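Survey of secondary and tertiary structure
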Amino acid sequence: MFKLFKSKKVAKNLAIGLASATTASGLGLALALNVDLFASDHGCYPAKYPWFHDGLFNTYDHASIRRGYEVYKQVCSACHSMRYTYFRHLVGVSHTEDEAKAEAAEAMVTDGPNEEGNMYQRPGKLSDPLPSPYPNDEAAKAANGGALPPDLSLIAFARNNGTNYIFSLLTGYHDPPAGVEVKEGLHYNPYFNGGWIAMAKALYDEVIEYTDGTPATESQLAKDVTEYLRWSSEKSHDEKKKLLLKTFLIFPPILALFYVYKRRVFTVMKSRKLMFNPTKSSGSGKH
Amino acid sequence: MALGGQIYTIFFKKSSTYFLTLCAGAFFFERFADGFSDSIFNSINKGKQWHDIKHLYGQPPEEEE
């Protein structure tokens, strides 16, 4: 079959070409099949916003996390819990240790049992989670017309396109379009699946006052609380990116060293010549 | 190659000195690589990290490690 081609080299090149074309199209197909169609989503697709932490080596904006915590504490925490985020997580991220201790001490926590077997109340410590507004999910549903305000600890990863979605949702409230009937107890938001959300618009201009003096516009509030929720979803994010940078710096020299070592080992193999000289005297084929 | 030969006899010829060279080299290389990548990382994220803003909240700014 290989006589069809002029030489072995042409055949080899053709084979390599075919193999790479097959691999590329296979990868392309796998990638295309892996893309979600979002066929079940009826919400608007959120715009892509320029988050600082989107860069390959970029950390969170920690001043923004601190402001976002203020927004969460004064607005969101009225209904939403964050039971997987602890006060100790704030230390060295958005608050000093003393500040975090003061934040924790503001909350009363049920602890116990004590020596008499009774539960008791004490001020919060660094090892406590952020306080939940309701004792359990059923109480939360009952207080919110049957709708459960989701726990926000991991919300940025629990929704498609997390950060952009949260920001769009928080700023996306407006009147329903003409002809759409208003639903009792629900609020129109095109970014929410189905268009009607139980949560009322929570962020308005100047709804809180930032301690660092940043103007508290609606979009600023939404951006900061989104950054805070993103941090809460992945607290190891900054360390990961630093490690990635170190990996990028270390691996090329190591690869180069391995290449040199491989060449060195293979000099013997490649310059060796093996010869087979049959002895002319023995023609019987016996061994 | 005189220098290379000297380096070879001093550091690499004996197993004991070779081992010491490896250990010392690893120590200094690690210090250098860490410091270098940290400085790049901190310059990319200037003003965004906690140690850039903590002096605003009652902690004196530290010298970079």
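Please read these numbers as outputs of a predicted model, since none were measured by experiment.

The rules behind each value
- Residues numbered from 1 in each chain as written.
- Chains lettered and ligands numbered in written order.
- Predicted model: local features only at pLDDT ≥ 70, side-chain atom pairs only at ≥ 80, totals over all residues.
- Axes fitted to C-alpha atoms, helices over the stretch in contact; angles between N-to-C directions.
- Helix = DSSP H or I, 4+ residues; strand = E, 2+ residues; numbered from the N terminus.
- Parallel < 35°, antiparallel > 145°, perpendicular 65-115°, else oblique.
- Contact = placed C-beta atoms within 7 Å.
- Core = buried A, V, L, I, M, F, W, Y, C linked by C-beta atoms within 7 Å.
- Buried ≥ 20, exposed ≤ 12 C-beta atoms within 10 Å, placed from the backbone.
- Nonpolar A, V, L, I, M, F, W, Y, C, P; charged D, E, K, R; others polar.
- Domains from an automatic or database assignment.
- UniProt positions renumbered as here; feature names shortened; annotations may be inferred.

A few words now on the packing of helix α2 (residues 62-74) of chain A against helix α8 (residues 218-233) of chain A. Residue and element names in this part refer to chain A. Interhelical geometry of α2 versus α8 gives an angle of 100° and a closest axis separation of 7 Å. Regarding the angle of α2 to α8, the classification is roughly perpendicular. Residue-level contacts link Ser64, Ile65, Arg67, Gly68, Tyr69, Val71 and Tyr72 of α2 to Leu221, Lys223, Asp224, Val225, Glu227, Tyr228 and Trp231 of α8.

A few words now on the nonpolar core. Here is a general trend for soluble globular proteins: nonpolar side chains tend to be buried in one another's company. Residues and elements named next belong to chain A. Ranked by size, the top nonpolar core spans 31 residues in total, and within it Ile166, Val225 and Tyr228 carry the most contacts. Of all the secondary structure elements, the ones that give two or more residues to this core are α2, α3 (87-90), α4 (97-106), α7 (162-171) and α8. Here this core takes six residues from α8, the largest share from any one element. Leaving out residues up to four positions away in the same chain, Ile166 has contacts with Ile155, Ala156, Arg159, Thr226 and Leu229.

The next thing to look at is the interface of chain A and chain B. Interface size is often expressed as the accessible area that is lost when the parts come together. Contact residues are listed per partner, giving 16 residues for chain A and 14 residues for chain B. Sorting the residues of the side of chain A that touches chain B by element identifies α2 and α9 (237-271) of chain A as the ones contributing at least two each. Here the element with the most residues in the side of chain A that touches chain B is α9(A); it accounts for five residues. Split by residue class, the side of chain A that touches chain B holds seven nonpolar, five polar and four charged.

The next point concerns the domain arrangement of chain A. Along its sequence, chain A is organised into domain 1 (62-85 + 129-233) and domain 2 (237-264). The C-alpha centroid of domain 2 of chain A is placed 41 Å from the C-alpha centroid of domain 1 of chain A.

Here we take up the UniProt feature "binding site: heme c" (unreviewed entry) in chain A. Residues and elements named next belong to chain A. When the UniProt feature table is mapped onto this chain numbering, "binding site: heme c" (unreviewed entry) sits at Cys76, Cys79, His80 and Met199. Across 124 residues of sequence, these annotated residues stay compact in space, with a maximum C-alpha separation of 10.6 Å. Apart from residues no more than four positions distant in its own chain, Cys79 is found in contact with Pro133, Asn144 and Pro149. The class for Met199 is partly exposed, based on 19 C-beta atoms found within 10 Å.

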